[in-house]
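# Descriptive analysis of the structure
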Amino acid sequence: MKSEKTEILIIGAGPAGSVAAGLLRKQGREVLVLEREQFPRFSIGESLLPQSMEYIEAAGMLRDVVEAGFQYKNGAAFVRGDKFTDFDFREKFSPGWGTTYQVQRAHFDEVLAKAAERMGATVRYRHEVLSVDVDGEQPQVTARSPEGETYRVQARFLLDASGFGRVLPKLLKLETPSNFPMRGALFTHVEDRVAPGGFDRNKIRITVHPEHVHVWYWTIPFSNGRCSLGVVAKREFLEQYQGTDTERLKAIVAEDPSLSSLLKDAVWDTPARRIVGYASNVKSLWGRNFALLGNAGEFLDPVFSSGVTIAFKSASLASDCLARTFAGAPVDWERDYAVPLKAGVDTFRTFVESWYAGGFQQVLFHPNASPEVRRMISAILAGYAWDKNNPYVADSKRRLGVLETLCAT
Ligand code: FAD
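Under an unreviewed UniProt entry, the name given to the protein is NAD(P)/FAD-dependent oxidoreductase, and the source organism is Archangium lansingense.

Structure, rendered in C-alpha cells:
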C-alpha cells in the first residue's frame, strides 16, 4: 500500500476543517485535508453568528466570504402566537463583530475549502478516511481515493473535523451519549415569495409552536429570494405525522398561523430532508497527537445556531496549541484546548436547556426586560459565549435562573 507523510492531516473540509487548514497554513504548516464528498455538497447549519466572523477573518478568509454574496444577517427574531421580540446583534454587551451572514452551506463550505487551497493546503475531494492508528509515534490513517485505491498517510498531528461523520469517535470508541433527549429536524429550501416588509430578511426567525413549547421552526432567508425552513421537535412528536418528509413538514408548518400566513405563497420546490438524533458527545476531545474539532466532538442543539461558531472556535484553539507545539513549548491539550472550548459550549448548554424547559422563552418575550440585560443576552445569541466579562457567561446558570424567576412573576 502506498504511504505518504504530512505535518497536519485534517479529516473533513467542513467549516472546522477548512478554517483550521487556513489558520495552520498561516503558521507555515504543511496541511493535507481528506474530504469524503465532492464539493459543492448540501449541509445543514445555515445561520452564522457574528462571533464566527472573528475566526473567518483570522483564517484569512474574510474577503472570500464577503465577496460570495451571502445574505447579510444582523440579528434574530422570536415569535410565539402574538408575542414577538427581536435582537439586533450590533447592540450587544461583548466587543467584536455584530453582523454576519445566512449562507447556503453547499456554497459557503466550498468558498472556505477553496480559500484553504488558495492558502496552500492540499484538499482531496472524494477521499474517504477508513481507519486510523494512533498508537504509534505518529498517527496514521488509511484512506480510499475516488479510484478505489487505498493508501496510508502519516502525520505529526491529526485533526478530526469529520462532523456528523464522527470518524475518530467511532473508530476509537470515544462516543458517549448526549444528555439531551432524542430530537430531530425536518427541513427544506423554499422560494418564499414573502412580500417586501413581510419580515426582516436580515434576521433568522425562530417561531415557537403555538401549543408545544419544545417544538420550534426556523426561517433563514437567503440572498436569492429563497429561504431555509425547518422544524425541530422530539422524535416522538415528528413520528406522529404521516407521508413524505415534505408532507410532514407542511403539516407541522400549517399548525402555526403566523408562519403559515408568512409562507402562504411559498413555492415548495425541493424535497424535505430529515435528521434525527444529532446531539452527540465524546469521552475526550483529544488524545496523543490528535484532537477532535467541531461536530466530531460535541454537538448540542441547533436552536441558537451555535454549531459553526463552535466548530471555528475549536479550530482556532487547536491551531494555537499546534503553534506552541511546533515552537517546542509544552501544551496540555486538556487545559489549553478542551477546557476553554467546553466553557463556551457549557454557556450555550445552559441556554438551550432553559429554552426547552420554557424559562428562557419567558425571558425573551418578557415585555419589560432591562436594556442592559438584553445587551448581555444579545451577546450570547451573537455567539460571544466565551466572554467571561458577561455575567450571563461567567455565572450563566445562576444568573439565568434568577432572571427566569423574575420573568415568571
Ligand atoms: P461538518 O460541517 O459536518 O463537516 C464535516 C466534513 O467531514 C463533511 O464535509 C464530511 O463529508 C466530511 N467527512 C465525514 N466523514 C469523513 C471521512 N470518513 N473521510 C473524509 N471526510 C469525511 N449550525 C450553525 O452554526 N447555524 C445553524 O443555523 C445550524 N443549524 C442546524 C440545524 C440542524 C437541524 C442541525 C442538526 C445542525 C445545525 N447546525 C447549525 C450545526 C452545524 O450543522 C454543524 O455544527 C457544523 O456543520 C459543524 O461543522 P464541522 O466542520 O464540524 O462538520
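Structure shown, so let's carry the discussion forward.
In the region of the ligand, 36 residues are neighbours, and Glu35, Arg41, Ile44, Ser47 and Val308 sit closest. Here a nitrogen atom of the ligand sits 3.0 Å away from a polar atom, N or O, in the main chain of Arg36. Within the contact set of the ligand, an oxygen atom lies 2.8 Å away from a side-chain nitrogen or oxygen of Arg41. Relative to its unbound accessible surface of 1,000 Å², the ligand loses 96% to contact with the protein. Taking a 2 Å distance to the grid points as the criterion, the majority of the atoms of the ligand fall inside the largest pocket. Elements with a contribution of two residues or more to the shell around the ligand: helix 1 (15–26), strand 2 (31–35), strand 8 (128–133) and helix 9 (307–326).

Moving on, we come to the layout of surface pockets. Volume-wise, the largest pocket comes out at about 1,000 Å³. Lining the largest pocket are 47 residues, and of these Ser43, Ile44, Arg105, Phe164 and Asn295 sit closest to its centre. Among the secondary structure elements, those contributing two or more residues to the lining of the largest pocket are helix 1, strand 2, strand 8, strand 12 (183–191), strand 13 (203–208), strand 14 (216–221), strand 16 (273–276) and helix 9. Tallied by class, residues from the lining of the largest pocket come to 25 nonpolar, 14 polar and eight charged. Each pocket or cavity is described by its volume, and for the second largest pocket that value is around 150 Å³. For the second largest pocket, the full set of lining residues is Val363, His366, Asn368, Ala369, Ser370, Val373, Tyr392, Arg399, Val402, Leu403, Leu406 and Cys407. It is helix 14 (residues 396–408) that contributes the most residues to the lining of the second largest pocket, five residues altogether. Here the lining of the second largest pocket is composed, by residue class, of eight nonpolar, three polar and one charged.

A rise of 1.5 Å per residue sets the reference length of helix 10 (residues 333–357), with its 25 residues, at 36 Å; its end C-alpha atoms lie 34 Å apart and thus fit the reference within 8%. Taken as a whole, helix 10 carries its principal kink of about 30 degrees at Val339; the proline Pro340 stands between one and four residues after it. In this structure Asp332 caps helix 10, since a side-chain oxygen of it lies 3.0 Å from the backbone nitrogen of Glu334. Just downstream of helix 10 lies Gly358, where phi reads positive at about 100 degrees.

This brings us to the UniProt feature "domain: FAD-binding" (unreviewed entry) in the protein. The UniProt feature table records "domain: FAD-binding" (unreviewed entry) at residues 5–175. Helix makes up 26% of residues 5–175 and strand 33%, whereas the separation of the span's terminal C-alpha atoms amounts to 28 Å.

How each quantity is defined
Residues numbered from 1 in each chain as written. Predicted model: local features only at pLDDT ≥ 70, side-chain atom pairs only at ≥ 80, totals over all residues. Heavy atoms only, no water. Near = heavy atom within 4 Å. Polar contact = N/O pair within 3.5 Å; in protein donor to acceptor, adjacent residues only side chain to side chain. Areas by Shrake-Rupley, 256 points an atom, 1.4 Å probe, with all protein chains shown as cover. 1 Å grid on protein atoms, 1.4 Å probe; cavity = no way out; pocket = protein on both sides within 12 Å on 5 of 7 lines; lining within 4 Å. Sits in = over half its atoms within 2 Å of the grid points. Helix = DSSP H or I, 4+ residues; strand = E, 2+ residues; numbered from the N terminus. Points joined across faces, edges and corners; volume = space filled by probe spheres on them. Nonpolar A, V, L, I, M, F, W, Y, C, P; charged D, E, K, R; others polar. Expected span 1.5 Å × (residues − 1). Bend = angle between axes of the 7 residues up to and from the residue. UniProt positions renumbered as here; feature names shortened; annotations may be inferred.

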